[in-house]
Amino acid sequence: MGVDFNALEASAITAALGTAEQWGADVSGPEAPTSCLNAGDTAWMLIATVLVLGMFPGVAFFELGLLRKKNTTSIIAQIFCGLPVLSTMWFMFGYSLTFGPDIGDVGILGDLSECFLATVSFESCREEEQIPSALYALFQMMFACITPLLMTGAYAERLAWRPFVALTCLWELFVYYPVAHWIWHPHGWLNKIGVQDFAGGIVIHTTAGVSSLVCVMLLGRRHNYHKKKGLFPYSNLPFACVGATLLWTGWFGFNGGSAFGANSVALHAVVNSQIAASVCCTTMLAITYYHTHTPSTIVMLNGAIAGLAGVTPASGYITPVSTFVLAIVLAISCELGTWILRDKCKIDDALEVSVVHGLTGVVGALYIGIAGSKAVNPDSADGLVYTAGKDWTLLGVQFLGVSVAGGWAALVTYTILKGVSYFTPLRVSHAHEVKGLDAAIHLETASVSQSVTSTAGRLRLHSNAVTVEAAESSSESDDEPVVADIRPSEPHSMFNERPDNNSVMVNLRGSGLGPAPALSLSLDVLEYLAAKGELQTLTTALRNQAQGQPQQQQQQQQSPHILGLGGAAARQQDDDDIQGGSSAAPYDQRNGDGNGNGVANERRPLLSKK
């Protein structure tokens, strides 16, 4: 049997000198720093925040692709104005009002102690999360910014700029901040009674959807809504697909990040998001194909977005199997909702925000009361499925939360719009709506080849020509077809001088016109004629001149606003027309105030010979 000499040596040294504790030495080593932060959770939340930020261009691309091209810039301007303005509001006071210490412990609103994030730590955690408090504030900023911007798809193509800014800011202040505090703040009064909303089905989608419905009902339908049966043409379907893809990708951060950690709840949220988007898209495609025998891409896009919006409130509370069932319910709800809203009630929600976001958010929030599971999330409660249908408490609480949030959003939205309407018109003028908000309000177009739409045809600018398409092929036109080829200015026998660089040569052609001489028109005059619906009159004048009819007879066939060609000036309008007392006021209101309230131009000849 061997002897352990090392152990004997250690025992002898200890007996002779004593232990370190007996000599008063500190052998515990340096004290380990204590921190609540988790590196993995923090990294995931940083990624989730960036993913949600990427949803803003997704919203812009999705909406501009499904709306008419003449309103492309207006959608981009609304989204990219809302993001910085709402971010500034959140930094200054929004976060404090929403997640700051509760005023009076009544669960209504936070105080102003955390304005400008002055007391928000970049190193310590916020309550139960293991991420910096500043990161929590940044992630919630993305939610606060995107919520009111969802409504832009509903009132698109008709809400004036100033009312848009006022509605967005006031809605954020009086709807989003309070509702988010009620449900997501630990001391919020709806949170205290057990209302559950994992990632914003009530706070975001229900409030935005209900408010969208109120907006479009107050604003009224777009021009030609009945003629188009609510189905206006889209401008760029690939852009819409790009936008939907950005939204789908960003939604993983939207829902997965709401777990505030890299854990099983976040994984459930991401998996459920993918299942809901896929199943809802597939179901809506199947329903549409059964009725129309058409595999519509737009239906697929809306189906994916509806599935993602509907699963948002429940994504961290339900199992994947429950998500599968929810997605089918969401698809059926969307189809029925669209049919009722557009086909039966004739409500002009441009991109069906009140259905795709609002209705689905309500369905998803109520579904928590049916299929919520503590096994998925310990912070949840079991729904009817897991209580054998005996406990209806959670479903009742969810119904209360949806009703309160939706009712408050509707009331405040109506009040805001009515109040704003006393100071400025809510809707752009009819002329600006027909012309398009890009050119009428923003004075910017999406591209050089953007169409300038009129009631007589569509002017399409190319690099070397301008084409007026037949009105029958123009989705925006109500008049007889007029077709013209417009080329860059060239010398012509009608004139002794070359037209200036801002003019174009017009060669009109069409059924029964026969050969017609060219005419030099400036681009702004051409747009004016298009907006006034006078291109048809112009063709008649050219035809008569080509056929050699007397000048006096030509003038009798022309509009009061346009006289003979070959150098004759346009007839001056009556003073009543110019002052706005008549509908004959010019549609080309370049001197407007930028808000849809144009003023008549100074009088000028419509057709001038250079």
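Calculation criteria
- Residues numbered from 1 in each chain as written.
- Predicted model: local features only at pLDDT ≥ 70, side-chain atom pairs only at ≥ 80, totals over all residues.
- Heavy atoms only, no water.
- Helix = DSSP H or I, 4+ residues; strand = E, 2+ residues; numbered from the N terminus.
- Buried < 20%, exposed > 50% of the residue type's maximum accessible area, 1.4 Å probe, protein only.
- Contact = heavy atoms within 4.5 Å.
- Areas by Shrake-Rupley, 256 points an atom, 1.4 Å probe, with all protein chains shown as cover.
- Salt bridge = Lys/Arg side-chain N within 4 Å of Asp/Glu carboxyl O.
- Core = buried A, V, L, I, M, F, W, Y, C linked by side-chain atoms within 4.5 Å.
- Disulfide = S-S within 2.5 Å.
- Expected span 1.5 Å × (residues − 1).
- Phe/Tyr/Trp six-rings, centres within 6.5 Å; stacked < 30°, edge-to-face > 60°.
- Polar contact = N/O pair within 3.5 Å; in protein donor to acceptor, adjacent residues only side chain to side chain.
- Patch = residues over 30% accessible without salt bridge, like charges linked within 9 Å, V, L, I, M, F, W, Y side chains within 5 Å.
- Axes fitted to C-alpha atoms, helices over the stretch in contact; angles between N-to-C directions.
- Parallel < 35°, antiparallel > 145°, perpendicular 65-115°, else oblique.
- Left-handed = near helix turned anticlockwise from the far one by under 90°.
- Nonpolar A, V, L, I, M, F, W, Y, C, P; charged D, E, K, R; others polar.

1. Here we look at the overall build of the protein
Part 1: Counting its regular elements, the protein contains 21 helices and 6 strands.
Part 2: Split into buried and exposed, the 610 residues of the protein put 52% on the buried side.
Part 3: A fraction of 68% describes how many contacts in the protein between residues 6 or more apart in sequence connect residues 24 or more apart.
Part 4: Looking at the protein as shown, the accessible area adds up to about 26,700 Å², and 61% of this sits on carbon and sulfur atoms.

2. A word on the pattern of salt bridges
Part 1: Summed over all chains, the structure comprises 9 salt bridges.
Part 2: Salt-bridge contacts for Arg222 lead to Glu157; the nearest nitrogen and oxygen are separated by 2.7 Å. Here Arg222, found in the loop between α8 (201-219) and α9 (225-228), pairs with Glu157, found in the loop between α5 (133-149) and α6 (161-184); they are 65 residues apart in sequence, far enough to count as distant.
Part 3: Assessed through its relative accessible area of 5%, Arg222 is described here as buried.
Part 4: The exposure class of Glu157 is buried, given its relative accessible area of 4%.
Part 5: Residue Asp348 pairs with Arg222 through a salt bridge whose shortest N-O separation is 2.8 Å. On the criterion of sequence distance, the pair formed by Asp348 in the loop between α13 (320-344) and α14 (353-371) and Arg222 in the loop between α8 and α9 is long-range, its members being 126 residues apart. Taken individually, Asp348 and Arg222 each receive the classification buried, so the pair is uniform in this respect.

3. Points about the nonpolar core
Part 1: Membership of the largest hydrophobic core comes to 117 residues, with the highest contact counts inside it found for Phe143, Tyr176, Ile183, Trp184 and Phe254.
Part 2: Sort the elements by how many residues they give to this core and α5 lands first, with 12 residues.
Part 3: In terms of nonpolar packing, the next biggest core, distinct from the first, is built from 5 residues, Ala160, Val428, Leu437 and Ala440 among them.

4. Some thoughts on the state of the cysteines
By definition, a disulfide links the sulfur atoms of two cysteines through a covalent bond.
Part 1: Inspection of every chain in the model, using the stated rule, returns 1 disulfide.
Part 2: Between Cys36 and Cys125 runs a disulfide, and the two sulfur atoms are separated by 1.9 Å. The S-S bond linking Cys36 to Cys125 shows a torsion near 110°; that makes this disulfide right-handed. Of this pair, Cys36 sits in the loop between α1 (5-17) and α2 (39-53) while Cys125 sits in the loop between α4 (72-99) and α5, and the two are 89 residues apart along the sequence.
Part 3: Overall, the relative accessible area of 34% leaves Cys36 in the partly exposed class.
Part 4: Taking relative accessible area as the criterion, Cys125 reaches 16% and is therefore assigned buried.

5. A closer look at α8
Three- or four-residue spacings in an α-helix give side chains the same orientation, since the helix completes a turn every 3.6 residues.
Part 1: The terminal C-alpha atoms of α8 lie 26 Å apart, and with 19 residues this matches the ideal 27 Å at 1.5 Å per residue to within 8%.
Part 2: The element α8 is extensively covered by neighbouring structure, given that 15 of its 19 residues are classed as buried.
Part 3: Positive backbone phi, approximately 90°, marks Gly220, located one or two places after α8.

6. What about unusual backbone geometry?
Part 1: The backbone of Lys229 sits at a positive phi, close to 60°, despite the residue not being glycine.
Part 2: Relative to the helices and strands, Lys229 resides in the loop between α9 and α10 (237-256).
Part 3: Here Lys229 falls in the exposed class, since its relative accessible area comes to 65%.
Part 4: Look at His293: it is not a glycine, yet its phi comes out positive at around 60°.
Part 5: By the element assignment, His293 lies in the loop between α11 (264-292) and α12 (297-311).

7. Considerations on the packing of aromatic side chains
Part 1: Enumeration according to the criterion identifies 19 aromatic pairs in this entry.
Part 2: A ring pair is formed by Phe143 and Phe254, whose centres lie 4.2 Å apart and whose planes are at 5°; its orientation type is stacked. Linking Phe143 in helix α5 with Phe254 in helix α10, this pair joins segments that are 111 residues apart in sequence. We note that Phe143, like Phe254, is buried.

8. Overview of the environment of Thr424
Part 1: Examined against the element boundaries, Thr424 turns out to sit in the loop between α15 (393-421) and α16 (430-435).
Part 2: On the basis of relative accessibility, which here comes to 8%, the residue Thr424 falls in the buried class.
Part 3: Residues Thr424 and Arg162, spaced 262 residues apart in sequence, show a C-alpha to C-alpha distance of 7.7 Å.
Part 4: For Thr424, the side chain forms a polar contact with the side chain of Arg162, separated by 3.3 Å.

9. Here's the deal with a nonpolar patch on the surface
Part 1: Side chains of Ile332, Leu336, Trp339 and Ile340 sit close together on the surface and give an oily, nonpolar patch of about 380 Å² of accessible area.
Part 2: Locating Trp339 in the fold gives a position in helix α13.
Part 3: Looking at Trp339, the relative accessible area reads 43%, which means it is partly exposed.

10. Brief notes about the side chain of His181
Part 1: Note that His181 resides in helix α6.
Part 2: Given the relative accessible area of 0%, His181 is considered buried.
Part 3: Setting aside its immediate chain neighbours within four residues, His181 contacts Leu97, Thr98, Gly100, Asp102, Gly107, Ile108, Leu109, Gly110 and Gly188.

11. Details of the environment of Lys346
Part 1: When you line up the elements, Lys346 lands in the loop between α13 and α14.
Part 2: According to the relative accessible area criterion, Lys346 is partly exposed, its value standing at 35%.
Part 3: Taking the C-alpha atoms as reference points, Lys346 and Arg221, 125 residues apart in sequence, are found 8.4 Å from one another.
Part 4: If sequence neighbours within four positions are ignored, Lys346 has contacts with Arg221, Tyr225 and Leu341.

12. Comments concerning α11
Part 1: Compared with an ideal rise of 1.5 Å per residue, which puts 29 residues at 42 Å, α11 spans 42 Å between its outermost C-alpha atoms and is within 8% of the ideal.
Part 2: Two or three places before Val265, at the start of α11, stands the capping residue Asn263, its side-chain oxygen 3.2 Å from that residue's backbone nitrogen.
Part 3: Just beyond α11, the residue with positive phi is His293, at close to 60°.

13. Side note on the packing of α12 against α13
Part 1: The contact between α12 and α13 brings their axes to 9 Å, and the two run at 125°. When the interaxial angle is binned, α12 and α13 end up oblique. As for how α12 packs across α13, the hand of that crossing is right-handed. Every residue of α13 that contacts α12 at Val299, Ala306, Gly307, Gly310 and Val311 is listed here: Thr323, Leu326, Leu330, Cys334 and Glu335.
Part 2: Looking at side-chain class alone, the contact of α12 with α13 contains 6 nonpolar, 3 polar and 1 charged residues.

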